[in-house]
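Summary of structural features
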Amino acid sequence: MRIDLHTHTTFSDGTDTPTELLTHARTEGLDVVAIMDHDSTSGWDEAEQAAHTNGVALVRGTETSARYNGVSVHLLSYLHDPHHQAYVAQNEKAQDARVSRAYRIVEALKADFNITWEDVLAQTSEGATIGRPHIADALVATGQMPDRPSVFEEILCSGSKYYVAHYAPDALEAIQTIRAAGGVAVFAHPGATTRGRVVPDAAVEAMVEAGLQGLEIHHRDNPTEQQARLTELARKHDLLITGSSDYHGDGKPNRLGENTTHPEVFRAIEELGVTPVVRP
Ligand code: AMP
Ligand code: FE
Ligand code: FE
Ligand code: ZN
């Protein structure tokens, strides 16, 4: 069984529609794939249909952008109730904040680039969670930059003069909300030193206290020494260990199935979540 538990679609910053994602999952020989768009469950219905069409099992979830002591923390929620009130409110607040934040970034970029808000909207699918990748795509589409990664390196990194942060819930509260909604809470790429600061062991332990159930250890952004540290932590606290691609279609070099999750861990997640896995 090949299981990839972290991918994105056009409902956030991936470039495949959910239908295209499930088609690619089939051609890549995956048995199980998870749709984990940022701060949204809007892609779930299309993905469910496409799972049946393609004969690939589907895990539905969301990746929540949170913060712990000023450090950006991404939390994967698997198989939660998408209608849970507090959970929906948390996503709506994040989405609203993301729109005004993206607008402010575009205003700042106007000093040095030819870019309009309409250029960014043209890169954003209907109903998608907006983010820096869509702004990057606007610079690429208008011929001012070659690709998304170079925009992140040179223009939109968190230290840049154009960068604006967006509201993100506190990580401990976000974990409690995920659990209240019946989701399985897994810390995404917890050792991703390339993305900025990572949180120390004590923070992970506080997150475990709040209800965290797993660590996404096998991910290309966690360097080897971080994977060793995190494996130790997972053993100590009896946490699930997952591995995933974090596929974004053409938006990132990450390829489907480049990291995978053990079938036993997948079964544990299935058992713990309140929304069923779609089994074609
Ligand atoms: P935001 O949530 O708007 O702050 O944007 C963060 C998103 O940008 C992440 O979810 C990634 O998908 C994407 N991203 C971050 N770094 C890079 C990079 N170097 N190349 C391409 N996409 C990136
Ligand atoms: Fe992303
Ligand atoms: Fe992430
Ligand atoms: Zn992701």
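Going along each chain's sequence as written, the residues are numbered from 1 onward. To label them, take the chains in the order written and letter them from A, then take the ligands in the order written and number them from 1. Whole-chain, interface and lining totals are the exception, using all residues; otherwise, since this is a predicted model, local features are given only for residues with pLDDT of at least 70 and side-chain atom pairs are given and counted only at 80 or more. Excluding hydrogens and water, the side-chain values take into account all heavy atoms of the structure.

**Topic: the coordination of the iron ion (ligand 2)**
In this description, a donor is an N, O or S atom within 2.8 Å of the metal centre, a cutoff extended to 3.2 Å for sodium, potassium and calcium. Water is not part of the atom list, which can make sites seem incomplete. For the iron ion (ligand 2), the protein coordination sphere consists of Asp13 (OD), His38 (NE2) and His248 (NE2), at 2.2 Å. Between the iron ion (ligand 2) and the iron ion (ligand 3), the interatomic distance is 5.6 Å. Here Asp13, found in the loop between β1 (3-7) and α1 (18-27), pairs with His38, found in the loop between β2 (32-35) and α2 (44-54); they are 25 residues apart in sequence, far enough to count as distant. A run of DSSP states H or I qualifies as a helix once it reaches four residues; a run of E qualifies as a strand once it reaches two. Both are numbered from the N-terminal end.

**Digging into the coordination of the zinc ion (ligand 4)**
In the first shell of the zinc ion (ligand 4), the protein supplies His6 (NE2), His8 (NE2), Glu63 (OE) and Asp246 (OD), at 2.1 to 2.3 Å from the metal. Around the zinc ion (ligand 4), the four donor atoms sit at angles spanning 77 to 171°, and that spread fits a shape best called irregular. Read N to C, the donor residues that coordinate the zinc ion (ligand 4) are spaced as H-x1-H-x54-E-x182-D. Separating the zinc ion (ligand 4) from the iron ion (ligand 2) is a distance of 4.6 Å. Pair noted here: His8 is in the loop between β1 and α1 and Glu63 is in strand β3 (residues 57-68), with a separation of 55 residues, a long-range link. Each of the two residues, His8 as well as Glu63, counts as buried. In these descriptions, tetrahedral denotes four donors with every angle between 85 and 135 degrees, square planar four donors and octahedral six donors with opposite donors over 155 degrees apart and the rest between 65 and 115, and irregular any other case. Note on exposure labels: buried denotes an accessible area under 20% of the residue type's maximum, exposed denotes more than 50%, and partly exposed covers the range between, all computed with a 1.4 Å probe on protein chains only.

**Focus: the packing of aromatic side chains**
Ring pairs (aromatic) are described by centroid distance and by the angle formed between their planes. Pairs were defined over the aromatic rings of Phe, Tyr and Trp, the Trp ring being its six-membered one, requiring ring centres within 6.5 Å. Orientation was assigned from the angle between planes: stacked under 30 degrees, edge-to-face over 60, tilted for the rest. Applying the stated rule across the entire model yields two aromatic pairs. Measuring from ring centre to ring centre gives 5.2 Å for Tyr103 and Trp117, while their planes differ by 65°; the resulting arrangement is edge-to-face. Of this pair, Tyr103 sits in helix α3 (residues 85-109) while Trp117 sits in helix α4 (residues 117-121), and the two are 14 residues apart along the sequence. Judged by relative accessible area, which is 39%, Tyr103 ranks as partly exposed.

**A closer look at the nonpolar core**
Within the largest apolar cluster, 25 residues are counted, with the highest numbers of intra-cluster contacts made by Val73, Leu75, Phe187, Val199, Leu212 and Leu215. Mapped onto this core, the elements with two or more residues apiece are β3, β4 (71-78), α7 (171-180), β5 (184-187), α8 (201-210), β6 (214-218) and α9 (224-237). Discounting residues that sit within four places of it in the chain, Leu215 has contacts with Val186, Phe187, Pro190, Val204, Leu230, Leu233, Ala234, Leu239, Leu240, Ile241 and Thr242. We call a set of buried Ala, Val, Leu, Ile, Met, Phe, Trp, Tyr and Cys residues a nonpolar core when their side-chain atoms join them within 4.5 Å. Contact between two residues is taken to exist if any of their heavy atoms lie within 4.5 Å; hydrogens are not considered.

**Points about the site of ligand 1**
With respect to spatial proximity, the complete set of residues near ligand 1 consists of Asp13, His38, Arg98, Arg101, Gly131, Arg132, Pro133, Pro149, Phe152, His248, Gly251 and Lys252. Take Asp13: an N or O atom from its side chain is 2.9 Å from an oxygen atom of ligand 1. Residues adjacent in sequence count toward polar contacts only when both atoms are side-chain atoms; beyond that, a polar contact is any pair of N or O atoms within 3.5 Å, and within protein one must be able to donate a hydrogen and the other to accept it. Between ligand 1 and His248, the relevant distance is 2.7 Å, taken from an oxygen atom to a side-chain nitrogen or oxygen of the residue. Using a 1.4 Å probe, accessible areas were evaluated by the Shrake-Rupley method; residue-level cover was limited to the displayed protein chains. When isolated, ligand 1 has an accessible area of 500 Å², and the protein chains bury 85% of it. Among the elements of the structure, α3, α5 (132-141) and α6 (148-154) are those that each provide at least two residues to the shell around ligand 1. When at least one non-hydrogen atom of a residue lies within 4 Å of a molecule or strand, that residue is treated as near it.

**Let's talk about the sheet that holds β6**
Strand pairing requires that DSSP identify at least two bridges connecting the strands. Within the open sheet, the seven strands sit side by side as β1-β2-β3-β4-β5-β6-β7. Their pairing is mixed. In this open sheet, the two strands that pair with only one neighbour each are β1 and β7 (240-243). The average undirected angle you get between the axes of adjacent strands in this sheet is 30°. Note that β1 and β2 share three bridges and pair parallel. Within β2, the residue paired with Asp4 across the bridge is Val33. Here α2 sits on the sheet and contacts β2 and β3; the angle it forms with β3, its principal contact strand, is near 150°. Only C-alpha atoms enter the line fits that serve as axes; for helices the fit covers just the stretch in contact. Angles between N-to-C directions range over 0 to 180 degrees. The strands touched by α7 are β3, β4 and β5; relative to β4, the strand with the most contacts, the crossing angle is about 5°.

**Description of α2**
The periodicity of an α-helix, 3.6 residues per turn, causes residues three or four positions apart to be oriented the same way. Looking only at α2, the buried set comprises Trp44, Ala47, Ala50, Ala51 and Asn54. The arc that holds the buried residues of α2, viewed along the axis, is 125°, so those residues lie on one side. The exposed set on the far side of α2, more than 90 degrees from its buried face, consists of Asp45, Gln49 and Thr53. Of the surrounding secondary structure, the elements contacted by the buried residues of α2 are α1, β2 and β3. A positive phi of about 65° marks Gly55, the residue just after α2. Our arc is simply the arc of the directions from the helix axis toward the C-beta atoms.

Everything listed here is a matter of geometry and, on its own, says nothing about what the molecule does.
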